[in-house]
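Remarks on the overall topology
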Amino acid sequence: VQLQASGGGLVQAGDSLRLSCAASGRTFSSYVMGWFRQAPGKEREFVAAISWSGGGTYYTDSVKGRFTIYRDNAKNTVYLQMNSLKPEDTALYYCAADRDLNTYYRKEKYDYWGQGTLVTVSS
């Protein structure tokens, strides 16, 4: 699976952005999809994940109520809608694919990664 993330940019605090991650191949619906982010000088951290059909979604506490992950299996694409952005959301955002839902929050378990898209939130 090849992943291509897009949609990042420079926004002000309180603004919204939607990230997209397009996947190649015909097996997209067999993968759990996750979004991770890495701020300068920090470890890559889990942001959100979604189950194969989209029926299950999972978030880190700091983005609950502000971010929404969803997927369109017909378009082989997963999205991250980010609202009420804060300066602390500034990071390089990565999408990733894995087959195992049980470890959705563990970056080392993901098999495939996109190249990252930069989100910068100014105060």
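Scroll up a little and you will see the structure.
First, a word on what this report is: a plain description of the structure on this page. Quick caveat: nothing in here was measured; it's all calculated off a predicted structure.

Conventions adopted
- Residues numbered from 1 in each chain as written.
- Predicted model: local features only at pLDDT ≥ 70, side-chain atom pairs only at ≥ 80, totals over all residues.
- Heavy atoms only, no water.
- Core = buried A, V, L, I, M, F, W, Y, C linked by side-chain atoms within 4.5 Å.
- Buried < 20%, exposed > 50% of the residue type's maximum accessible area, 1.4 Å probe, protein only.
- Helix = DSSP H or I, 4+ residues; strand = E, 2+ residues; numbered from the N terminus.
- Contact = heavy atoms within 4.5 Å.
- Pairing = 2+ DSSP bridges.
- Axes fitted to C-alpha atoms, helices over the stretch in contact; angles between N-to-C directions.

**Structural notes on the nonpolar core**
- Judged by nonpolar contacts, the single largest core of 28 residues is most densely connected at Met 33, Trp 35, Leu 80, Met 82 and Tyr 93.
- Elements supplying a minimum of two residues to this core: strand 1 (3-6), strand 3 (17-23), strand 4 (32-38), strand 5 (45-50), strand 7 (67-72), strand 8 (77-82), strand 9 (91-98) and strand 11 (117-122).
- Dropping the residues within four chain positions of it, Tyr 93 is found in contact with Leu 19, Trp 35, Phe 36, Arg 37, Val 47, Phe 67, Leu 80, Met 82, Gly 116, Thr 117 and Val 119.
- Counting residues in hydrophobic clusters, the runner-up holds seven residues, among them Val 32, Phe 36, Phe 46 and Tyr 110.

**Remarks on the sheet that holds strand 8**
- Taking strand neighbours across the sheet as the criterion, the four strands line up as 1-3-8-7 in an open arrangement whose pairing is antiparallel. On the outer flanks of this sheet lie strand 1 and strand 7, each paired with one strand and no other. Averaged over all adjacent pairs, the angle separating strand axes in this sheet is 15 degrees, with direction ignored.
- The sheet contact formed by strand 1 and strand 3 spans four bridges and is antiparallel. Among the inter-strand pairings, Leu 3 is bridged to a residue of strand 3, identified as Ala 23.

Such coordinate-based values are descriptive only and should not be taken to indicate function.
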